[in-house]
Amino acid sequence: MSSTVSVSKGCFVFKPKDAKSKKRKATNCLDFSSEAWYQFYSKMWSKIEKNLEEINENVSQSVLDDLADFISKCDTVKGKISSAALLLGVNMPDHSTLFSALANRIRVNVTPHVAILDSIDFTNVRSAIEKMVTLLVKEKKHIDLEEVKRMYNRRRKGRPRNRWTDDVEQDLRTLGVRNWKRQVEDRERWRGFVREAKGCSDLQYTGRLPIVMIMGVATTASTIHKSLSHTATSQLSLRLFQSQPSVYFLNNTLDQVFLKQDCPFQLGSKVMKFLTDIFLFYDFSVDGFIKGIKYCVMRHFYGSKTNVLCCSKSDIKRVVDSLDKANLSSIEQLPSFQKYLLSLPEEKQAKIKSSSPALKEVLRNLMKELRDSISVFHTFLRMLHALVSDLPDCPLGKQYREIYSEAVSLKVTNSSSYKECFKILALTSKDELLPKLYKMLEILRDCNVESESVKNLLNKLKTHCKKLENVGLEPTSRTPTKSPSKARFNVTSRAQFKEHLAKLSETKQPANAYELARMNFLEFVRDELFEETLNPLTHHPLHEVVLFDDIASVKRRLIGAPRAALHTALNNPHHYLECNCCKLSNDGEILPTMPDVCIAYKLHLESSSLINMYDWLQSFAAVINPNGDSGKNLDDQIQARFTQAVAELQLLGFIKSTKKKTDHVVRLTWGGSA
């Protein structure tokens, strides 16, 4: 909306900005650097951030290398502009990171002359060229930008304004810029006339001034041909490059950073589903997802005296030994630790409560057991994921994050999806089952869990693997049994009949040796392997210090409620200002000391869908100055304050002008309609 458009008429004055105005003094922020919780949070997040940078670099390595190779080897053809379309997807917040990495790669390996232009720079030809040249000549430290401006001013004298760009090539050569590249993000929002302006006349310089244009495309490559004319596209030597989809970045970020056995911080199922739902159904932004997890890590440590135990296994002894009485007292109040104490004999309980060294010894042992349990949990959950991830309809999910959300808080072996997976596995062939078994063995061999029970499970798994490898399809000797069809059974519903048929199918003898070996393997995996190892993390003592699942706090901070916040601010400004002059005794009260926009807002709530401006002004004046004169002789200052308040409400979208009645406005929200 224009700054000079308002439902109220008036004179708008714009004062020139003072170029030498003083900068505002920076406000003092709270300093948490000396507090223990912030030090632990900072140390934790620095490790996570380092891993994230490595993963993002590895994921983008391929497309960045291909683009750099294309730029360095592309041939300059007269009449053609070498161009690349980089398909990035709709996750717009993440594009700037990739383009910055690409620009750095080009500056190091190809040429220092790189200009990155956003869609906002393409308002017209002149602004686009000025921004591009400014960015290009910045790389030449000995070049004065003021000299560049003077050069262009001299060349523009006596020339039509729309032809000044003809001298760009000669100016760049004069300034020492030989080879240069240009990058453009968000091609969909370019203005068409800027893209095609002077297209034919400027191509005469491509043989002498090598130009490479890289366009970021958020949707599909067909948008380039739809938005440009055939004449324009025929002058581009275009090549397509595809980056990895945003979901691929998400899965790599979770699998290789947060959902690992050596990561001290673990996300709960509710928070995990919430953050992934925001990503998948709203913005597709990996950067936003990482910021959400960063808030979770900070909230987990903020002001807590117990979560300092959220550390790596090697630091457990040092951290526990450094705990003071306040920390120990807070840890004793944890529900899981209280439950653990109740399971101990009374003599041991009394010793732990009365002796700090005894309590610290128990904490060291429990934290080591918890870290080992997390390692076992992730190891065998990845084995389950390898077994069921490619099943039809994916009952437990296709990605590891999905099965993790299912198993971190609840016993996954008791779920109906888990049982459904094994019904499907009972029908798999040997060629389908053996690769899954090999993957499970590889995961179990590579784990860092040193336990006799884990070694025994590994040996049993190897035994089943050998049986499945060596088994043939010869018929097995079948012992005569009574035909189940002759057994009498009573059913009263369709559900009971289905349940009885399922039992009959389970008791059916295998037809050959492979089916027998497959049945024994699945029974071992279902009833022993996963039943013993996939215990939810919430079942372990002290799980609160490593597991964050405060969904209420995350929703309140990560999901904005602008409508509610705006209504609260205008209806009760004391909620944010915390000043005594605006403190209300009830919600319907209107104080003259409140901001003008708040007074106008609360008065407009009392009106119908159409608001009479004169009545509104009289009510406003009565609140501001109860003892003043009413009628037409109102104070000019009150009228000006009312005009400004009404304009602010219009800007916020609460009212708009109407032609239904003279001197009326339409109320747009909370009961009003146009």
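This text goes with the structure placed above it.
Residues numbered from 1 in each chain as written. Predicted model: local features only at pLDDT ≥ 70, side-chain atom pairs only at ≥ 80, totals over all residues. Heavy atoms only, no water.

Caption draft 1: View of helix α21 (residues 452-470). A rise of 1.5 Å per residue sets the reference length of α21, with its 19 residues, at 27 Å; its end C-alpha atoms lie 27 Å apart and thus fit the reference within 8%. Along α21, the residues that are buried comprise Val-454, Leu-457, Leu-458, Leu-461, His-464, Cys-465 and Leu-468. For α21, the angular spread of buried residues about the axis comes to 125°, placing them on one side. Among the exposed residues of α21, those oriented more than 90 degrees off its buried face are Glu-452, Lys-466 and Asn-470. Its buried side turned inward, α21 meets α17 (356-388), α20 (430-446) and α23 (513-533). (Helix = DSSP H or I, 4+ residues; strand = E, 2+ residues; numbered from the N terminus. Expected span 1.5 Å × (residues − 1). Buried < 20%, exposed > 50% of the residue type's maximum accessible area, 1.4 Å probe, protein only. Arc of directions from axis to C-beta. Contact = heavy atoms within 4.5 Å.)

Caption draft 2: Structural context of the pattern of salt bridges. Scanning all chains against the criterion turns up 12 salt bridges. Of the charged contacts, one joins Asp-287 and Lys-291 as a salt bridge, the two residues approaching to 3.4 Å between their closest N and O atoms. Of this pair, Asp-287 and Lys-291 are both found in helix α12 (residues 286-301), four residues apart, which corresponds to roughly one turn of the helix. Residue Asp-287 is classed as partly exposed on the basis of its relative accessible area of 29%. When its relative accessible area of 54% is taken as the criterion, Lys-291 is described as exposed. (Salt bridge = Lys/Arg side-chain N within 4 Å of Asp/Glu carboxyl O.)

Caption draft 3: Seen up close, the packing of helix α1 (residues 36-73) against helix α2 (residues 95-109). Viewed as axis vectors pointing N to C, α1 and α2 meet at an angle of 45°, and their least axial separation amounts to 10 Å. It follows from the interaxial angle that α1 and α2 lie oblique. As α1 packs across α2, the resulting crossing turns out to be right-handed. Together, Ser-60, Gln-61, Leu-64, Asp-65, Leu-67, Ala-68 and Ile-71 of α1 and Leu-98, Ala-101, Leu-102, Arg-105 and Ile-106 of α2 make up the contact between the two elements. In terms of residue class, the contact of α1 with α2 is built from eight nonpolar, two polar and two charged. (Axes fitted to C-alpha atoms, helices over the stretch in contact; angles between N-to-C directions. Parallel < 35°, antiparallel > 145°, perpendicular 65-115°, else oblique. Left-handed = near helix turned anticlockwise from the far one by under 90°. Nonpolar A, V, L, I, M, F, W, Y, C, P; charged D, E, K, R; others polar.)

Caption draft 4: Region of interest: a negative patch on the surface. On the surface, Glu-49, Glu-53, Glu-54 and Glu-57 cluster together into a negatively charged patch. Locating Glu-53 in the fold gives a position in helix α1. (Patch = residues over 30% accessible without salt bridge, like charges linked within 9 Å, V, L, I, M, F, W, Y side chains within 5 Å. Areas by Shrake-Rupley, 256 points an atom, 1.4 Å probe, with all protein chains shown as cover. Lys, Arg positive; Asp, Glu negative; His and termini not counted. Charge placed at Lys NZ, Arg CZ, Asp CG, Glu CD.)

Caption draft 5: Inspection of the pairing of strand β1 (residues 81-87) at higher detail. With seven of seven residues buried, β1 is to be regarded as a mostly interior element. Alternating residues of β1 divide into Ile-81, Ser-83, Ala-85 and Leu-87 and Ser-82, Ala-84 and Leu-86, and every residue in both groups is buried.

Caption draft 6: Representation of the nonpolar core within the structure. With 108 residues, the main nonpolar core has Phe-337, Phe-380, Leu-384, Phe-530 and Leu-542 as its most contacted residues. Considering each element in turn, this core owes the most residues, 16 residues, to α17. When neighbours within four sequence positions are excluded, Leu-542 is seen to be in contact with Ile-331, Leu-334, Ser-336, Phe-337, Leu-363, Leu-366, Met-367 and Leu-370. If you look at the next biggest cluster of nonpolar residues, it comprises 30 residues, including Leu-570, Cys-579, Ile-611 and Leu-617. (Core = buried A, V, L, I, M, F, W, Y, C linked by side-chain atoms within 4.5 Å.)

Caption draft 7: Spatial organisation of the environment of Ile-129. Along the polypeptide, Ile-129 turns up in helix α3 (residues 125-137). For the pair formed by Ile-129 and Leu-117, sequence separation is 12 residues and the distance between their alpha carbons is 10.0 Å.

Caption draft 8: Molecular detail of the environment of Thr-276. Positionally, Thr-276 belongs in helix α11 (residues 269-283). As a C-alpha pair, Thr-276 and Val-286 span 10 residues in sequence and 9.9 Å in three-dimensional space. Discounting residues that sit within four places of it in the chain, Thr-276 has contacts with Leu-254, Phe-289 and Arg-401.

Caption draft 9: A look at the packing of aromatic side chains. Taken as a whole and assessed by the stated rule, the structure comprises 13 aromatic pairs. Ring geometry for Trp-616 and Phe-642: centres 5.5 Å apart, planes at 85°, overall edge-to-face. One end of the pair, Trp-616, is in helix α28 (residues 613-624); the other, Phe-642, is in helix α29 (residues 636-652), and 26 residues separate them in sequence. The class of Trp-616 is buried, set by a relative accessible area of 3%. In textbook terms, an aromatic cluster arises when at least three aromatic residues are bridged by ring pairs, as seen for Trp-37, Tyr-38, Tyr-41 and Tyr-302. Taking NZ or CZ as reference, Arg-382 lies 3.9 Å from the ring centre of Tyr-400, over its face. (Phe/Tyr/Trp six-rings, centres within 6.5 Å; stacked < 30°, edge-to-face > 60°. Lys NZ or Arg CZ within 6 Å of the ring centre and 35° of its normal.)

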